Every structure is written in C-alpha cells, then in structure tokens.
Amino acid sequence: MFGFWGSSSNDESKTPRVRTGFVGTLTSEEEKVLQEFKELCKNEEVDLSVYPIREYETIDHILLRFLRARNFNLQQALKMINDNVKWRKENNIMTITEESPSNIYKCDSQKIAAILPALHPGFDKQGRPVLFKKMGANCVIDTLLEETTVENLIRYHWWSQEKLSYLCFTSSTEKQKHVEAFVTVVDAAGWHVGLGSRKAYSYLKAMADTDSLNYPERMGATIVVNAPKALAIGWNIIKSWLNPVTQQKVNILRGPEEYLPVLKEIMDESVIPEEYGGKFPGTQEAWALWSK
C-alpha cells in the first residue's frame, strides 16, 4: 500500500474483497453481537442521541462502526462508545460546525489557508466526500502556533471531521444509499525533516488519536501524493500510532505517474484538481474556502 516504501495498492484495488461487519454483509455471529450490543447500550443507558440519525443512516450503522473498530468485542466497544458520548457532550461536538474556523482558531482564516490549505472538490465514485490537503513545505506548524494553540488546531480538526461526516449524509441522500466514510488526499510536496518538530508531531498524534477514538471507521482512504523520500522518516513515526487496518488504508505515492492512475480509479477527473492532472479548477480562492 505504501508506494516506494512497500507494495503498490493497485493490485489490491483490482481484486476488492467484500468486508463483513457492515449492514448487509454481517455474518450470523456478527448479527448476534450487534443485537447484544444494542441491548447492552439500552441497559447501560448509553445516550445515543448525540449521533444524528439522517436518511439512510440507522442506529445499526453507527453501532457497527464501533464494533468493527473493536473487532466485535462487546465490552471494548461499549467502553469506546461511552467514552465517545462523553467526549461529544463535553466538547459540544453536536454544534461545532455552527462555529466559524476563524472563531475556532482565534486567528485570521487567511493564515489558516496559507499554512493548512484544504479543498473539497466533490465526491468519489462511491459517493464518499473527498478532501485535498496541502501538508508539504507550506505546512509549518510552528509558525501557525505563533498565532494559535495546539488545542485550537485540534478543535478545528474536529470541526473538519464533523463537516465531512455531514457531507456523507448529503451524499447518501443524493446517491440513495448509505455513505459513511471519506477520502483524504494529502499533498506532501516539499516536506522535509525540519518540519517534523516536537509540536508538529504532537499535533499529528492528537489528530490520529481523535480519528481512532472518536471517528471510528470514518476513514475510507488516505492518499499521500508527491511524497519525497524524506517522508519515510515521518511515516515510520506516524504508522506506529495506527492500527494495522488503518495502515492499510494509507497509500503513499510519489509524482503524477504514480498517483494519477490511483486517483482516477477512485474518483472522476472532474473531482481531481487541475494541478494534480484533473479538471477541477482549484483556484486559490477555492483552496481557502474550506477554512472560511
């Protein structure tokens, strides 16, 4: 899965396997565990109202994300969902997208867009929302921390994850099917070891922990493009924070000759920004829009 640091993902993507553990693909044992989990949540009075139920998403979909994340271990899944409910309430996650990124960062959104630019050009062929991020030479976290705090950066990440989760709901309505995961494309052009400061890794670790503990099974794929060889050092650190299933969803690739075929397999050209070989007009204004 890791481009020039491992086997390519292309061979695997040509022979997709049907994963169990989803609505419609449950084994008899998984179905039994799901029903036990629902009863357990009811008996333990787990407040599931913190999870918005919209069209094409049922409580089964939500509970199964926690069960898959904990390999259908009931007690571990129960602890995870209880912790998540508490986290959502304590941090007002249900209303976080009503805040503006500038209010979360406590600084000018233009500074956010310059150091952490992000672009939502549309949805992939499965209906999953796609987010492009530039986290290469421009991503000097220490400079951004002169204007804000790590805590604010992490809260912005929560905001972004909630926004992507909502886009899953809108896509579900349009596609008339359940969509629950998203795709992130990370441009690492120009990344060098000097960017891997203690504060930068602290920020990245907090993001990884947030996604693992509070957004289970939301990651559909992460594709790193324009990866320099120096990124192997950073990846060796980052992958130690990820479980094996999540590691296999990360695809690290070099230039267009490697990444463009992978992107085109997942999404239409109309969703790929022009600078990456597609047809979406990724203007400077478009890259700043996500942070406004």
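For the structure itself, look to the data block above.
In short, a report on the structure. Keep in mind that what you see is a predicted model, and the values were worked out from it rather than measured.

1. Some words on the pattern of salt bridges
So, step 1. Tallied over the entire structure, the rule returns 16 salt bridges.
So, step 2. Among the salt bridges present, the one from Glu 258 reaches Arg 254, with a minimum N-O distance of 3.2 Å.
So, step 3. Taking the shortest distance from any N to any O, the salt bridge between Glu 269 and Lys 264 comes out at 3.4 Å.
So, step 4. Judged by relative accessible area, which is 34%, Lys 264 ranks as partly exposed.
So, step 5. A single network of salt bridges, built from pairs that share partners, joins Glu 57, Arg 65, Arg 68, Glu 180 and Glu 217.

2. Comments concerning unusual backbone geometry
So, step 1. Phi at Gln 176 is positive, roughly 55°, even though this residue is not glycine.
So, step 2. Mapped onto the elements, Gln 176 comes out in the loop between helix H8 (150–175) and strand S3 (182–187).
So, step 3. Its relative accessible area of 58% is what places Gln 176 among the exposed residues.
So, step 4. At Asn 226, a position not held by glycine, the phi torsion is positive, near 55°.

3. Examining the pairing of strand S4 (residues 219–225)
Successive residues of a regular strand alternate their side chains across the two faces of the sheet.
So, step 1. Buried residues dominate S4, accounting for five of its seven residues.
So, step 2. As a crossover connection, the stretch from S3 through helix H9 (residues 198–214) into S4 is right-handed.
So, step 3. Inspection of the sheet shows S4 paired to strand S5 (residues 250–252) by three bridges, in the parallel sense. The residue bridging Ile 223 from the neighbouring strand is Asn 251, located in S5.

4. Focus: the sheet that holds S3
So, step 1. Pairing in this open sheet of five strands is mixed, and the strands run S1-S2-S3-S4-S5 from one edge to the other. Here the strands that pair on one side only, and so sit at the sheet edges, are strand S1 (118–123) and S5. Neighbour to neighbour, the strand axes of the sheet diverge by 15° on average, direction disregarded.
So, step 2. The pairing of S3 with S4 spans six bridges and is classified as parallel. Each residue of the ladder has a partner; that of Asp 187, found in S4, is Val 225.

5. Some points on the packing of aromatic side chains
So, step 1. Going through the model one piece at a time under the given rule, you end up with nine aromatic pairs.
So, step 2. Consider the rings of Tyr 105 and Tyr 156, whose centres lie 4.7 Å apart with planes at 35°: the pair is tilted. Of this pair, Tyr 105 sits in helix H5 (residues 101–105) while Tyr 156 sits in helix H8, and the two are 51 residues apart along the sequence. The residues Tyr 105 and Tyr 156 share a single accessibility class, namely buried.
So, step 3. Among the aromatic side chains, those forming a connected cluster through ring pairs are Tyr 105, Tyr 156, Trp 159 and Trp 290.
So, step 4. For the cation-ring pair, Arg 68 lies above Phe 22, with the distance from its terminal atom to the ring centre recorded as 3.8 Å.
So, step 5. Positioned over the ring face of Trp 287 is Lys 134, at 4.6 Å from the centre of the ring.

6. Considerations on helix H3 (residues 59–69)
So, step 1. Burial of H3 is extensive: nine of the 11 residues sit out of reach of the surface.
So, step 2. Close packing links the buried residues of H3 with helix H2 (28–43) and helix H4 (74–90).
So, step 3. Phi for Asn 71, located one or two positions after H3, is positive at around 50°.

The rules behind each value
- Residues numbered from 1 in each chain as written.
- Predicted model: local features only at pLDDT ≥ 70, side-chain atom pairs only at ≥ 80, totals over all residues.
- Heavy atoms only, no water.
- Salt bridge = Lys/Arg side-chain N within 4 Å of Asp/Glu carboxyl O.
- Buried < 20%, exposed > 50% of the residue type's maximum accessible area, 1.4 Å probe, protein only.
- Helix = DSSP H or I, 4+ residues; strand = E, 2+ residues; numbered from the N terminus.
- Right-handed = clockwise from strand over helix to strand, strands pointing away.
- Pairing = 2+ DSSP bridges.
- Axes fitted to C-alpha atoms, helices over the stretch in contact; angles between N-to-C directions.
- Phe/Tyr/Trp six-rings, centres within 6.5 Å; stacked < 30°, edge-to-face > 60°.
- Lys NZ or Arg CZ within 6 Å of the ring centre and 35° of its normal.
- Contact = heavy atoms within 4.5 Å.

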